[in-house]
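The primary structure of each chain is shown beneath.
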Amino acid sequence: STAELVVRKAGKPVMVTPASFKEIESLALAYDGSPPAHNALKLAVELSGLARWPLTVVMIASDQDLAARLSEELDGFLEEAEIDHTTVVLQGREDVEILRFVQEGAVELLVMGAYGHNRLRELFLGSTTSSVIRKSEIPVLLTR
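Residues numbered from 1 in each chain as written. Predicted model: local features only at pLDDT ≥ 70, side-chain atom pairs only at ≥ 80, totals over all residues. Heavy atoms only, no water.

Looking only at helices and strands, the protein has six helices and six strands in total. In sequence order, the secondary structure elements of the protein are arranged as α-β-β-α-β-α-β-α-β-α-α-β. On C-alpha atoms alone, the protein measures out to a radius of gyration of 14 Å, which is about the 15 Å that the 2.2 N^0.38 rule sets for 144 residues. When its C-alpha atoms are laid out on the principal axes, the protein stretches across 35 × 35 × 30 Å. Residue pairs at least 24 apart in sequence account for 76% of intrachain contacts in the protein once pairs closer than 6 positions are excluded. If you sum the accessible surface of the protein, you get close to 8,300 Å²; carbon and sulfur atoms cover 51% of it. A distance of 12 Å separates the average location of the 14 positive side-chain charges in the protein from that of its 21 negative side-chain charges. (Helix = DSSP H or I, 4+ residues; strand = E, 2+ residues; numbered from the N terminus. Rg over C-alpha atoms; globule rule 2.2 N^0.38 Å. Contact = heavy atoms within 4.5 Å. Areas by Shrake-Rupley, 256 points an atom, 1.4 Å probe, with all protein chains shown as cover. Lys, Arg positive; Asp, Glu negative; His and termini not counted. Charge placed at Lys NZ, Arg CZ, Asp CG, Glu CD.)

Side-chain pairing between opposite charges can occur once the charged atoms of the two side chains come close. One pass over the full model with this rule turns up three salt bridges. A salt bridge links R69 to E73; the shortest N-O distance between them is 3.0 Å. Of this pair, R69 and E73 both sit in helix α3 (residues 64–80), separated by four residues, roughly a single helical turn. On the basis of relative accessible area, R69 is assigned to the partly exposed category, the value being 46%. (Salt bridge = Lys/Arg side-chain N within 4 Å of Asp/Glu carboxyl O. Buried < 20%, exposed > 50% of the residue type's maximum accessible area, 1.4 Å probe, protein only.)

Here the focus is the confidence of the model for the protein. Mean pLDDT over the protein works out to 88, with 91% of the residues at or above the 70 mark. Model confidence for the protein, summarised as mean pLDDT per element, is weakest for helix α5 (residues 119–125) at 42 and strongest for strand β2 (residues 27–30) at 97. When the criterion is pLDDT under 50, residues 118–125 qualifies, and its contacts beyond four places in sequence or with other chains add up to eight contacts. (pLDDT = per-residue confidence, 0-100.)

The next point concerns the sheet that holds strand β5 (residues 109–113). Each strand in a sheet pairs with another by means of backbone hydrogen bonds, the pair being arranged parallel or else antiparallel. On the basis of which strands lie adjacent, the open sheet formed by six strands has the order β1-β6-β5-β2-β3-β4 and mixed pairing. The open sheet has two edge strands, β1 (14–16) and β4 (85–90), and neither has a second partner. Each neighbouring strand pair of the sheet contributes to a mean axis angle of 25 degrees, computed without reference to strand direction. Where strand β3 (residues 55–60) meets β4, six bridges bridge the pair, whose relative direction is parallel. The residue bridging M59 from the neighbouring strand is V89, located in β4. Against the sheet, helix α6 (residues 128–135) touches β1, β5 and β6 (140–143), its axis set at about 160 degrees to β5. (Pairing = 2+ DSSP bridges. Axes fitted to C-alpha atoms, helices over the stretch in contact; angles between N-to-C directions.)

A few words now on helix α1 (residues 2–10). Among the residues of α1, those classed as buried are E4, V7 and R8. The buried residues of α1 occupy an angular sector of 95 degrees when the element is viewed end-on, so they sit on one face. When the buried face of α1 is taken as reference, the exposed residues oriented beyond 90 degrees from it are T2 and K9. Phi for G11, located one or two positions after α1, is positive at around 75 degrees. (Arc of directions from axis to C-beta.)

Next comes the structure, spelled out in structure tokens:
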């Protein structure tokens, strides 16, 4: 898609927005511990701090040990940054669970790392990023 090409080539964060506008009062971060997700974490912390928006970190993990370790790392990082935050751990397919969370209406902006896997893997398994930006009802801020 055009959005995918722009994100892959831009070298800067890219925001994909729906047609309708809704004022942003809080944001969510989709986090899986990958390098693109860590870049998104830094961007979300900066936005949250500047705008004073509360941050909800959404992790999709079937491995509870991994989720606990990532939550512990995040809590330390976010408390040091003095960010008002909550962490939510969900189980299931990443794109489905992220979209379900967004549709609940708790946040008005989603920040996520983009295209963390190679194109061959995405061809066979699909891309979480592509699915989310196609179906999200709120703006999605993507970073690599």
